[in-house]
Every structure is written in C-alpha cells, then in structure tokens.
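Chain and residue survey
What follows is each chain in one-letter form.
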Amino acid sequence: NAGVTQTPKFQVLKTGQSMTLQCAQDMNHEYMSWYRQDPGMGLRLIHYSVGAGITDQGEVPNGYNVSRSTTEDFPLRLLSAAPSQTSVYFCASSFRGRNGYTFGSGTRLTVV
Amino acid sequence: TQLLEQSPQFLSIQEGENLTVYCNSSSVFSSLQWYRQEPGEGPVLLVTVVTGGEVKKLKRLTFQFGDARKDSSLHITAAQPGDTGLYLCAGAPASGSRLTFGEGTQLTVNP
C-alpha cells in the first residue's frame, strides 16, 4: 500500500541507549519531516528534509540526528536516549509541502 | 517562531449540534492545513486552504481561511459520533517545508 511506513510501532529504551526510528515512503515525495507529539503540546518539528542530501533542524532538534541518502528513506537517530524523549514520533512526507502531508502511524517510544 | 493558537482545546457536544473550531496566529501563512487524528494513528489531512477568504466544504465540514491568511476556522454542522477525534490545524510557509501545528481540539460527540 502506498504511504508512509514507520518502524517499530513500539519501543522501550534504557537511558543512554541509542536507536534509529525508520521511515520510508513510496510516493516519490521530496519533503519529509519528523515530529514528536506530547500531551497538550501538539506536534513539534524535530528535523526536516526537502530532498535527498538536504536536511535541516526544526523546533526541537537536540538529541536527534537525521540523514537523507535516498528520496524514500528518512531515519531518525536518538544518540543517547533520555526520559525527556519519551513521546510518540511521527514521520510525514509531501510532494510540495504547502498542499498537505501524509503521516505514518507513529512510533511510541518510552525511555526508562 | 510562528505560533498557532487553537481553540477550544476540548469540546464535548451532543449528536446533531453544530460547532466551530478556531485557529489563530499573528503570522501570515502561505497555506493552512486541517488534519484529523484518531487514537493510535497519525494525523490525516482533511483540507488545505491557500487563498485569503477561501471557503472549502467537505460534506458537513466547512473550512475558511481568513482574508489576511493569519487565521482559519472549521465548522461542523449536525455533528455525529463518527466526527469524534483530535482536530489539528497547521500553517505552512511559502516553501511548505516547515509546518507549525496548533495544540489541537479534542472533539467528543455523544450519541
């Protein structure tokens, strides 16, 4: 099915561990973004990309790295997990951005 | 930093009632997008408005973009239990690369 695929759906990490959240889209979208969603705070932009090889920081980039080696994939790396990174993470992609984004179903991350 | 204020934050109504959700900012956006999110899922795009004063209708949902492109509203007529969900507005700059989201409106429609 066409869309945005995120893996894993659930993950528990210990403080200090690292991991990569995977995101892949098969719609040939140029724009891809990572958001975190916390209660009462809406969705906050972590990092985004407007094409392969191009990434930039969003509103809350600290503690996260991204790369975009292909149009299809946009992984998010947590370098050293902290309890403050407990959240639901969403990846989204778009053809032109201003016309709307397609979101994945999310990764629920708990850091203990 | 561009901010979007969404109101109300929570709304609980009876089936058949009408409601309006507001999305306001002091910044101008190139487009305003509305999403609906259900528990355990990602947001799903409902509509995008791009022209000041634009009105779009999606069945019982009416979306309006303010003349100055700083605010938007979502009006639901004769709400149904299936309308229950989290409604999110998001503003996009001309590049479309960075969305700014409001905090969301949690709507519950009781049968």
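Our subject is the structure listed above.
Rules of the game
Each chain has its residues counted from 1, running along the sequence as written. Following the order in which they are written, the chains are lettered starting with A and the ligands numbered starting with 1. Per-residue local features are limited, in this predicted model, to residues with pLDDT of at least 70; the limit for side-chain atom pairs, both in listing and counting, is 80 or more; totals at the level of whole chains, interfaces and linings are taken over all residues. The basis for the side-chain values is all heavy atoms of the structure; hydrogens and waters are excluded. Here a helix means four or more residues in a row that DSSP labels H or I, a strand means two or more in a row labelled E, and each is numbered from the N terminus. Note that the radius of gyration is over C-alpha atoms, with the globule rule given as 2.2 Å times the number of residues to the power 0.38. A 1.4 Å probe rolled over the protein chains alone gives each residue an accessible area, and that area as a share of the maximum for its type sets the label: buried under 20%, exposed over 50%, partly exposed in between. All accessible-area figures derive from a Shrake-Rupley calculation using a 1.4 Å probe, and residue coverage is judged against the displayed protein chains alone. A positive count includes Lys and Arg, and a negative count includes Asp and Glu. His and the chain ends are not counted in either. A charge is said to be at NZ when it belongs to Lys, at CZ for Arg, at CG for Asp and at CD for Glu. Between two residues, a contact is recorded if the distance between any of their heavy atoms is within 4.5 Å. Summed over both partners, the accessible surface that disappears when two parts come together, traced with a 1.4 Å probe, is what is meant by buried area. Should a side-chain nitrogen of Lys or Arg be within 4 Å of a carboxyl oxygen of Asp or Glu, the pair is scored as a salt bridge. Any pair of N or O atoms that falls within 3.5 Å is considered a polar contact. Within protein, one atom must be able to donate a hydrogen and the other to accept it, and sequence-neighbouring residues count only if both atoms are side-chain atoms. Gly is put with the polar residues, along with every residue not named as nonpolar or charged; the nonpolar set is Ala, Val, Leu, Ile, Met, Phe, Trp, Tyr, Cys and Pro, and the charged set is Asp, Glu, Lys and Arg. Aromatic pairing here means that ring centres of Phe, Tyr or Trp (its six-membered ring) are within 6.5 Å. Orientation follows from the plane angle: under 30 degrees is stacked, over 60 is edge-to-face, and everything else is tilted. Grouping buried Ala, Val, Leu, Ile, Met, Phe, Trp, Tyr and Cys residues that are joined through side-chain atoms within 4.5 Å yields what is termed a nonpolar core. Pairing between strands is defined by DSSP: at least two bridges between the two strands are required. An axis is simply a line fitted to the C-alpha atoms; with a helix, the fit covers only the stretch in contact. Between two such axes, the angle follows the N-to-C directions and lies from 0 to 180 degrees. In plain terms, two cysteine sulfur atoms within 2.5 Å form what is called a disulfide here.

**Points about the overall build of chain A**
Helix and strand counts for chain A stand at zero helices and 11 strands. The helix and strand sequence of chain A, counted from the amino end, reads β-β-β-β-β-β-β-β-β-β-β. Relative to the globule expectation of 13 Å for 112 residues, the C-alpha radius of gyration of chain A, 13 Å, shows essentially globular dimensions. Its C-alpha atoms give chain A principal-axis dimensions of roughly 35 × 25 × 25 Å. Scored against the burial criterion, the 112 residues of chain A give a buried share of 50%. In the structure as shown, chain A presents an accessible area of about 5,100 Å², 49% of it carried by carbon and sulfur atoms. Charge separation in chain A, taken as the distance between the mean sites of 9 positive and 7 negative side-chain charges, equals 7 Å.

**Looking at the interface of chain A and chain B**
Across the contact, 24 residues belong to chain A and 26 residues belong to chain B. Roughly 1,700 Å² is buried in total at the junction of chain A and chain B, and carbon and sulfur atoms are behind 50% of that figure. Scanning the region where chain A abuts chain B turns up zero salt bridges. Counting across the chain A and chain B interface gives 10 residue pairs in polar contact (both at pLDDT 80 or more). Those elements giving two or more residues to the side of chain A that touches chain B turn out to be β4 (31-37) and β5 (43-51) of chain A. Here the side of chain A that touches chain B is composed, by residue class, of 10 nonpolar, 11 polar and three charged.

**Description of the packing of aromatic side chains**
The geometry of an aromatic ring pair comes down to the distance between the two centres and the angle between the two planes. A complete count under the given rule lists seven aromatic pairs over all chains for this structure. Judged by centre distance (6.1 Å) and plane angle (75°), the rings of A:Phe103 and B:Phe101 are edge-to-face. Taken together, the residues span two chains, with A:Phe103 in strand β10 (residues 102-103) and B:Phe101 in strand β10 (residues 100-101). Take A:Phe103 and B:Phe101: they sit in the same class, and that class is buried. Ring centres of B:Tyr35 and B:Phe101 lie 5.8 Å apart, and the angle between their planes is 45°; on these two criteria the pair is classed as tilted. Here B:Tyr35, found in strand β4 (residues 31-37), pairs with B:Phe101, found in strand β10; they are 66 residues apart in sequence, far enough to count as distant.

**Comments concerning the side chain of A:Gln85**
By the secondary structure assignment, A:Gln85 is in the loop between β8 (76-78) and β9 (87-94). At 3.4 Å, the side chain of A:Gln85 forms a polar contact with the backbone oxygen of A:Gly63.

**Brief notes about the nonpolar core**
If you look at the biggest cluster of nonpolar residues, it comprises 20 residues, and the most contacted ones within it are B:Leu19, B:Leu32, B:Trp34, B:Leu74, B:Ile76 and B:Leu107. When contributions to this core are tallied by element, the ones reaching two or more residues are β3 (19-24), β4, β5 (44-49), β7 (61-65), β8 (71-76), β9 (85-92) and β11 (105-110) of chain B. In this view, B:Leu74 contacts B:Leu19, B:Thr20, B:Val21, B:Trp34, B:Leu61, B:Thr62, B:Phe63 and B:Tyr87; residues no more than four positions away in its chain are not counted. Core analysis: the second largest hydrophobic core is formed by 19 residues, A:Leu13, A:Phe74, A:Leu76 and A:Leu109 among them.

**Details of the sheet that holds β3(B)**
All names here are of chain B. Judged by pairing direction, the sheet is antiparallel, and its five strands sit side by side in the order β1-β3-β8-β7-β6 without closing on themselves. Each edge of the open sheet carries a strand with a single partner, namely β1 (5-7) and β6 (55-58). Taken pair by pair, the neighbouring strands of this sheet meet at an average axis angle of 15°, ignoring direction. Across five bridges, β7 lies against β8 in antiparallel orientation.

**As for the state of the cysteines**
Taken as a whole and assessed by the stated rule, the structure comprises two disulfides over all chains. A:Cys23 shares a disulfide with A:Cys91; S-S distance 1.9 Å. Across the S-S bond of A:Cys23 and A:Cys91 the torsion is about -70°, and the bridge reads as left-handed. On the criterion of sequence distance, the pair formed by A:Cys23 in strand β3 (residues 19-25) and A:Cys91 in strand β9 is long-range, its members being 68 residues apart. For the residue pair A:Cys23 and A:Cys91, the accessibility class agrees, reading buried in each case. Here B:Cys23 engages in a disulfide with B:Cys89; their sulfurs sit 2.0 Å apart. Because the sign of the S-S torsion sets the handedness, a value of about 80° for the bond joining B:Cys23 and B:Cys89 places this disulfide among the right-handed ones. Residue B:Cys23 is located in strand β3, and its partner B:Cys89 is located in strand β9; the two are separated by 66 residues in the primary sequence. As far as burial versus exposure is concerned, B:Cys23 and B:Cys89 are alike and both buried.

Read these as geometric descriptors, not functional statements.
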